[in-house]
Amino acid sequence: MVSATSAVNASGSDQRRSLWHATAATAPTTATLEGRAEADLVVVGAGYTGLSCALTLAEAGREVIVLEAGEIGHGASGRNGGQVIPGLKHDPDDLVARFGRDRGEALVGLVGGAADRVFALIAKYRIDCAARQCGWIQPAHSAAAAQTIFARARQWSARRAPVELLAGDRLALLLGTDVYVAGWLDRRAGALQPLSYVRGLARAAMTHGARIHTGSAITRIVREKEEWVAASAHGEARARQLVLATDAYSGALWSELVTNQVLVTSVQTATGPLPEALRRTILPGGTVVSDTRKLLYYFRLDAEGRFVIGGRGSVTDTVSDSVYAALRRAAARMFPPLARVPWPYRWYGRVGLTRDWLPHLAEVGTGAWAALGYCGRGVAMATTMGLLLGEALRDRREPAYPVAALKAIPLHSLRVPLLQAGIAYYRVLDAIS
Ligand SMILES: Cc1cc2nc3c(=O)[nH]c(=O)nc-3n(C[C@H](O)[C@H](O)[C@H](O)COP(=O)(O)OP(=O)(O)OC[C@H]3O[C@@H](n4cnc5c(N)ncnc54)[C@H](O)[C@@H]3O)c2cc1C
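Everything numeric here is computed off the predicted structure, so don't read it as measured data.

How each quantity is defined
- Residues numbered from 1 in each chain as written.
- Predicted model: local features only at pLDDT ≥ 70, side-chain atom pairs only at ≥ 80, totals over all residues.
- Heavy atoms only, no water.
- Helix = DSSP H or I, 4+ residues; strand = E, 2+ residues; numbered from the N terminus.
- Expected span 1.5 Å × (residues − 1).
- Buried < 20%, exposed > 50% of the residue type's maximum accessible area, 1.4 Å probe, protein only.
- Contact = heavy atoms within 4.5 Å.
- Near = heavy atom within 4 Å.
- Polar contact = N/O pair within 3.5 Å; in protein donor to acceptor, adjacent residues only side chain to side chain.
- Areas by Shrake-Rupley, 256 points an atom, 1.4 Å probe, with all protein chains shown as cover.
- Nonpolar A, V, L, I, M, F, W, Y, C, P; charged D, E, K, R; others polar.
- Pairing = 2+ DSSP bridges.

Description of helix α6 (residues 143-158)
Between the first and last C-alpha of α6 there are 23 Å, a value that for 16 residues agrees with the 22 Å anticipated at 1.5 Å per step. Within α6, burial applies to Ala145, Ala146, Ile149, Phe150, Arg152, Ala153, Gln155 and Trp156. Those residues of α6 that are buried are in contact with α3 (92-99), α4 (101-112), β5 (136-140), β6 (163-167) and β7 (182-186). Just downstream of α6, arginine 160 is the residue with a positive phi angle, here 65°.

This is the structure:
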């Protein structure tokens, strides 16, 4: 059924210099999988998807085992920008056009509530992760992009979302820079410490009885009679239900998960805590930001006033110094004093992109599910997907999110050169506009 390779193949030495690793809440104590274990549900992957699903079932009294190749949050959930943004890359009207009025509006409601769901979960389980529902600004880097975001904001506003169009002095005042043409503010969004959040989800699931095994790379999955068997080097876990929550870190575990998306590397760097006077001039509106470039920049302050900026890096797991230098230059163009401060933190991770820019939820075998492909919007959406899948498994009903078969992306084997060419092309487009 499944082939074997290590999933911990993207840790990269730069992870040791991650801001989130340096400042995260302590991880709960876990052990590797040894011997034979049984449960109602086996989850592979301890990120937001796997853990929110595990939490839902454990809370309902089911036996749950989570198997993780690295540590909790080893994948994108421990590396991301911590921007909790509702919605998908598609605008509400696109979703309605694609899924029809009733299903489309239901989906808009579901994804529009994704950030609220994260903040409610954090409050319910008292997760210590510097969460703030402080709003998100998407500023436009060009006049054409301004038209797109105004349409986006109008569509959400028509659905009574707390959003606002921004231009001129008000935009500059909230951002602390006047490099952008226009923007919109979405007050449903916010920020958190991503590694603390995923560790908190794990702790909540364990409190309800979930068993989490870290350092337990699953190298083989087979179906025996009515059960799925997930095997690591030192043990195996069996259950009737299986959830593959490995997203962009899937390795060769299950080939459909790999060919269903293309992976890009997203890179971040951060300053130390900024002096108070400087800190007051950067993002004085207190929001998080990600812009409209094809190769977008996303940035924010963390809870201690460190400036964090990220952007698309490469299509491989190798990130050169020049990529970090380009991020520092981009930061200094917006906020010139940042050219003169140290940047001690740098790290990166993989983002999974699907060909229709929608997250995918699929039943890949009887009782076996996969959820993946959040296209850079997974803090809110992977949590939401895990919760929805968990509720569906708990209540034995169809998930509230549309289910579709996974399909291989055409020319997937040529993805690296094609993406490299695409990134070069987008760089030119962004520079021109
Ligand atoms: C640098 C970066 C910045 C981002 N910024 C944002 C942002 O600001 N806002 C936002 O909404 N989204 C952002 N994202 C996207 C978001 O982080 C992801 O969509 C989300 O974390 C995916 O969660 P997940 O649980 O599905 O997958 P992951 O968190 O990647 O978890 C998958 C887990 O599966 C494990 N695994 C894989 N194979 C095996 C195996 N064989 N055996 C056992 N375990 C295995 C991996 O080790 C990994 O821990 C960003 C992503 C990156 C990389």
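After presenting the structure, the write-up continues.
Topic: the site of the ligand
Of all residues adjacent to the ligand, which total 38 residues, the nearest are Thr49, Glu68, Ser77, Gln83 and Val379. In the model, a nitrogen atom of the ligand is placed 2.9 Å from a nitrogen or oxygen of the alanine 69 main chain. Between the ligand and the protein, one listed contact pairs a nitrogen atom with a backbone N or O atom of glycine 376 at 3.1 Å. Relative to its unbound accessible area of 1,000 Å², the ligand is 98% covered by the protein chains. Broken down by secondary-structure element, the contributors of at least two residues to the shell around the ligand are α2 (48-59), β14 (261-273), β18 (345-354) and α12 (378-395). Partitioning the shell around the ligand into residue classes produces 16 nonpolar, 17 polar and five charged.

Some points on the pairing of strand β12 (residues 235-239)
With five of five residues buried, β12 lies mostly within the body of the structure. The alternating pattern of β12 places Gly235, Ala237 and Ala239 and Glu236 and Arg238 on opposite faces, both of which are buried. As paired elements, strand β1 (residues 35-38) and β12 share four bridges and run parallel to each other. Paired with glutamate 38 across the strands is arginine 238, a residue of β12. Note that strand β11 (residues 227-231) and β12 share four bridges and pair antiparallel. Pairing of alanine 230 across the sheet is with alanine 237, part of β12. Where β11 folds back on β12, the antiparallel hairpin that results is connected by three residues.

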